[in-house]
Amino acid sequence: MVLTGEELEKMSDEEFEKIVDKVTVYARVSPMDKLKIVKAWKKMGEVVAMTGDGVNDAPALKHADIGIAMGITGTEVTKEAADMVLSDDNFATIIKAIERGRWIYDNIKKYLTYLLRCNITEVVVIGGIVVAMGPEFLPLLPAAILYINLATDGLPALALESLPPTLTSCRDAKRPQRECLFMGCEGICSAGTFY
């Protein structure tokens, strides 16, 4: 579906929100129309990434979850309004950033889960002995516990952190909105384009 700026201007916000996911091309839109598009996607609960290079793109870039300005052709106003600036003006860089952000985020989740499980187990075992039998039966001194924790948890956690990516494409799995926002600029989930 194609919408021109004139048609978009005549539509109410409610009418536009019903068809926003069907529109693939916008022509001759004003800065306010761009802002209307961003707001409609956000109202649908999507995380919105907006790209732009001119002063007229600045309001929509500022309102989007992640505003992306062009580094070479973009104006200074656009760069200031954006969250991220593409230094090479190449849209393929956005896809690489999404993949890299998801890889980093997945690895952070893996090693944090591992560390939490290990440490909770240690606390339960050692704490259980102290609670059940008393502090005089503490099997290890605190310094020994810390040393064992460092030696047994540190290296496996580092190995998990440096695992290669498991997602081969941005379209493999759509992320929940809170995860997309947590990932920040390196993990863009643009409504209707990248998942």
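The structure this text deals with has already been given above.
All values reported here derive from a predicted model rather than from experimental measurement. (Residues numbered from 1 in each chain as written. Predicted model: local features only at pLDDT ≥ 70, side-chain atom pairs only at ≥ 80, totals over all residues. Heavy atoms only, no water.)

K.L.:
Provide a residue-level description of the packing of helix α6 (residues 92–133) against helix α7 (residues 142–161), including the pertinent values.
P.N.:
Across the interface, α6 lies against α7 with an axial gap of 9 Å and an inter-helix angle of 160°. With respect to α7, the axis of α6 lies roughly antiparallel. Regarding α6 and α7, the two cross each other, and that crossing is right-handed. Residues Asn-107, Lys-110, Tyr-111, Tyr-114, Leu-115, Cys-118, Asn-119, Glu-122 and Ile-126 of α6 pack against Ile-145, Asn-149, Thr-152, Asp-153, Pro-156, Ala-157, Leu-160 and Glu-161 of α7. (Axes fitted to C-alpha atoms, helices over the stretch in contact; angles between N-to-C directions. Helix = DSSP H or I, 4+ residues; strand = E, 2+ residues; numbered from the N terminus. Parallel < 35°, antiparallel > 145°, perpendicular 65-115°, else oblique. Left-handed = near helix turned anticlockwise from the far one by under 90°. Contact = heavy atoms within 4.5 Å.)

K.L.:
An account of the side chain of Lys-36 is requested, with residue identities and associated values reported.
P.N.:
Among the structural elements, Lys-36 can be located in helix α3 (residues 31–43). Residue Lys-36 is classed as buried on the basis of its relative accessible area, which comes to 14%. When near neighbours in sequence (up to four residues on either side) are disregarded, Lys-36 contacts Leu-8, Glu-9, Met-11, Ser-12, Asp-13 and Phe-16. (Buried < 20%, exposed > 50% of the residue type's maximum accessible area, 1.4 Å probe, protein only.)

K.L.:
I'd like a description of α7, backed by residues and values.
P.N.:
Between its terminal C-alpha atoms α7 stretches 27 Å, which fits the 28 Å expected from 20 residues at 1.5 Å a residue. Where α7 bends most, at Asp-153, the angle is about 30°, and the proline Pro-156 comes one to four residues later. (Expected span 1.5 Å × (residues − 1). Bend = angle between axes of the 7 residues up to and from the residue.)

K.L.:
Outline the pairing of strand β4 (residues 66–70), supporting the account with residue identities and numerical values.
P.N.:
On a regular strand, each side chain points to the face opposite its neighbour's, so the side chains alternate between the two faces of the sheet. Taking burial as the measure, the five residues of β4 include five buried ones, the bulk of the element. Residues Ile-66, Ile-68 and Met-70 line one face of β4 and the alternating positions Gly-67 and Ala-69 line the opposite face, and both faces are buried. Across four bridges, the pairing between strand β3 (residues 49–52) and β4 is parallel. Directly across from Gly-52, in β4, lies its bridge partner Ala-69. For the crossover from β3 across helix α4 (residues 58–63) to β4, the handedness is right-handed. When β4 meets strand β5 (residues 84–86), the two strands line up parallel, connected through three bridges. In the strand pairing of β5, Met-70 is matched with Leu-86. With helix α5 (residues 76–81) bridging β4 and its parallel neighbour β5, the resulting β-α-β unit is right-handed. (Pairing = 2+ DSSP bridges. Right-handed = clockwise from strand over helix to strand, strands pointing away.)

K.L.:
Can you explain the packing of aromatic side chains? Please cite residues and give values.
P.N.:
Taken as a whole, this structure holds one aromatic pair when the rule is applied. On the basis of an interplanar angle of 65° and a centroid distance of 6.3 Å, the ring pair of Phe-16 and Tyr-26 is categorised as edge-to-face. Here Phe-16 is found in helix α2 (residues 13–19), whereas its partner Tyr-26 is found in strand β2 (residues 25–27), with ten residues between them in sequence. Judged by relative accessible area, which is 25%, Tyr-26 ranks as partly exposed. (Phe/Tyr/Trp six-rings, centres within 6.5 Å; stacked < 30°, edge-to-face > 60°.)

K.L.:
Account for the pattern of salt bridges, with residues named and values stated.
P.N.:
Summed over the entire model, instances satisfying the criterion amount to six salt bridges. As a salt-bridge pair, Asp-57 and Lys-34 come within 2.4 Å of each other at their nearest N and O atoms. With Asp-57 in the loop between β3 and α4 and Lys-34 in helix α3, the pair connects residues that are 23 residues apart, well separated along the chain. The exposure class assigned to Asp-57 is buried, which follows from its relative accessible area of 6%. Relative accessible area serves as the criterion here: at 14%, Lys-34 is assigned to the buried category. (Salt bridge = Lys/Arg side-chain N within 4 Å of Asp/Glu carboxyl O.)

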